[in-house]
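Spelled out, the chains give:
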Amino acid sequence: MSVFVSIAAYRDPELVPTIRDCLAKARWPMDLRFGICWQHGPEERSLPFQGDPRFRILDVDWRRSRGACWARSEIMGLYAGEAHFLQLDSHHRCVEDWDARLHAQLERTGSARPILSTYAPAFTPGDPASFGAEPTQMHFAEFTPQAIVLFRATPIPDWRGRTAPVRARFLSAHFLFAPGRFVGDVRYDPDLYFTGEEITLAVRAFTHGYDLFHPTEVVVWHEYTRAYRAHKHWSDHLRAKGVAVEWHERDRASLDKVQRFLEGPWVGPDGCGTARTVDEYEAYAGVSFKHRRAQDYTRQGLEPPNPPAAPDWAERAVRWQVEIDLDRVTLPAGAERARFWYVGFHDTAEHEIHREDVEGPELRALLGGDGTRLALRRAFDSQREPASWTVWPYADGQGWLDRIQGPVSVRRAPVTTPTGRP
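Residues numbered from 1 in each chain as written. Predicted model: local features only at pLDDT ≥ 70, side-chain atom pairs only at ≥ 80, totals over all residues. Heavy atoms only, no water.

Visitor: Tell me about the sheet that holds strand S2 (residues 32–40), and name the residues and values.
Guide: Here we have 8 strands laid out as an open sheet, ordered S3-S2-S1-S4-S10-S6-S11-S9, and mixed in their pairing. Two strands bound the open sheet, and with one partner strand each, they are strand S3 (55–61) and strand S9 (166–167). Across 8 bridges, strand S1 (residues 3–10) lies against S2 in parallel orientation. What sits directly across from Phe4, in S2, is Arg33. (Pairing = 2+ DSSP bridges. Helix = DSSP H or I, 4+ residues; strand = E, 2+ residues; numbered from the N terminus.)

Visitor: Summarise the environment of Arg355; cite the residues concerned and give the values.
Guide: Mapped onto the elements of the fold, Arg355 is located in strand S17 (residues 352–355). If we skip the residues at most four places from it in the chain, Arg355 touches Arg152, Thr154, Phe340, Tyr342, Val343 and Gly344. A polar contact of 2.8 Å, which involves the side chain of Arg355, links it to the side chain of Asp357. (Contact = heavy atoms within 4.5 Å. Polar contact = N/O pair within 3.5 Å; in protein donor to acceptor, adjacent residues only side chain to side chain.)

Visitor: Outline the pairing of S2, listing residues and values.
Guide: With respect to burial, S2 is a largely interior element, 8 of its 9 residues being buried. With helix H1 (residues 15–25) bridging S1 and the parallel S2, this β-α-β connection has right-handed handedness. By the bridge criterion, 7 bridges tie S2 to S3 in an arrangement that is parallel. Looking at S3, one finds that Phe34 is bridged to Phe55. (Buried < 20%, exposed > 50% of the residue type's maximum accessible area, 1.4 Å probe, protein only. Right-handed = clockwise from strand over helix to strand, strands pointing away.)

Visitor: Give me the pattern of salt bridges: which residues, what numbers.
Guide: Think of it this way: side chains of opposite charge can pair up when their charged atoms draw near. Summed over all chains, the structure comprises 35 salt bridges. Across the salt bridge formed by Arg11 and Glu44, the nearest N and O atoms sit 3.1 Å from each other. Residue Arg11 is located in the loop between S1 and H1, and its partner Glu44 is located in the loop between S2 and S3; the two are separated by 33 residues in the primary sequence. With a relative accessible area of 8%, Arg11 lands in the buried category. In this structure, the salt-bridge partner of Asp185 is Arg181, at a minimum N-O distance of 3.1 Å. Residue classification places Asp185 among the partly exposed residues on the basis of a relative accessible area of 22%. Three or more residues joined by partner-sharing salt bridges are found here, namely Arg11, Glu43, Glu44, Asp236 and Lys241. (Salt bridge = Lys/Arg side-chain N within 4 Å of Asp/Glu carboxyl O.)

Visitor: Lay out unusual backbone geometry with the relevant residues and their values.
Guide: Each neighbour pair has its own omega, and for Pro304 with Pro305 the value is 5°, a cis peptide bond. Tracing the sequence through the fold places Pro305 in the loop between helix H9 (296–299) and helix H10 (313–316). Unusually for a residue other than glycine, Arg226 sits at a positive phi of about 60°. By the secondary structure assignment, Arg226 is in the loop between strand S12 (220–222) and helix H6 (233–236).

Visitor: So what about the packing of aromatic side chains? Which residues, and what values?
Guide: The tally for this structure, following the rule as stated, stands at 24 aromatic pairs. Taken together, a centroid distance of 5.2 Å and an interplanar angle of 25° make the contact between Phe123 and Phe131 stacked. For Phe123, a relative accessible area of 3% corresponds to the buried category. Here Phe143 and Phe289 contribute two aromatic rings whose centre-to-centre distance is 6.5 Å and whose plane-to-plane angle is 90°, an arrangement assigned as edge-to-face. Of this pair, Phe143 sits in strand S7 (residues 136–143) while Phe289 sits in the loop between strand S13 (287–288) and strand S14 (293–294); the two residues are 146 residues apart in sequence, bridging distant segments of the chain. Comparing Phe143 with Phe289, the two get one shared label, buried. Among the aromatic residues, those joined into a ring-pair cluster are Phe140, Phe143, Phe206, Tyr281, Tyr284 and Phe289. Taking NZ or CZ as reference, Arg276 lies 4.3 Å from the ring centre of Phe206, over its face. (Phe/Tyr/Trp six-rings, centres within 6.5 Å; stacked < 30°, edge-to-face > 60°. Lys NZ or Arg CZ within 6 Å of the ring centre and 35° of its normal.)

Visitor: So what's going on with the side chain of His103? Residues and values would help.
Guide: Inspection of the secondary structure puts His103 in helix H3 (residues 98–108). According to the relative accessible area criterion, His103 is buried, its value standing at 9%. If we skip the residues at most four places from it in the chain, His103 touches Met1, Val3, Trp28, His84 and Phe177.

Next comes the structure, spelled out in structure tokens:
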């Protein structure tokens, strides 16, 4: 039942609270073995676990850090044959008996090589009311120009009636539970920096014969905002602060490597396995890295594997451009103070084709003007023509406000190559 817990921590004051919570909530705390890459400055307090034989700690000056993937790769070198591998970030909280729950969920997959992973529900340190109650899945969001798939967290449909994990397309780097052999099979690539880590990990794990799953109960919570942190890798790693290689140089090289892998994958220590092919992964997940396309089944977040599709499905997907005109005076009360607005497009049967919310800087810019007309523009790929749109604000303390809906006025965008050129 031993579990090797990998935590890469960069100047994070939540590291010790995360470890203490992990130990306090475990059913079998003596079976845990922690591998910590503690990247810190001299002014930061020493970790209180130095004399505990359950801890293997890499003490790293923050200036020598090469990013999260490098740190996770270093931690894998501390693995000593434990039965299971758990990768977390340094800003988590756990449910009671989290280890027993993970073991039970892993057994229920029925797979010889299962992985449990997801974007965990959010929490805010110090706020007991902030802990999300719904288990989540990783939903396709978009492709970047480098063919990297980005994700968002959404609740698992009908999760209360499910007793076994649901199949997944994607993996999260901040919460990943697998058999211990994963460490030797899918070694972390230390050359990667941040974006692209998760989709390459999913492809590599799948081709090594691992089956991907989302747990159907909440096991951990994750802090997403980083608002409490004074130091972040991309704000520290600048030559003006005495660092030889700036963060954006590492990021650029990483993005180039990820794109090369997704467009021309290779087999090897930092590449694919031989149990399955990348073509099989694309068919299973309903994506095309070459064409930067996702099938409608994937965009709806339906459970994989995807139904069989025509070989040329990616070439036949259509690029739609949609405009939504809103009148400020018709917005529901509280909409201008909302955390985000759901923006979804549906076909004639009212099935969601595409979702792309308005939040953060975009929402502030949208509401920052003086006029009453609010214009939203979206472009997306789909084999189905969008017929209607829905704007649905969500406000903290109020929940979902009234929906605004209307018919879609669309036009097809010019057909482009994957690089965006006509």
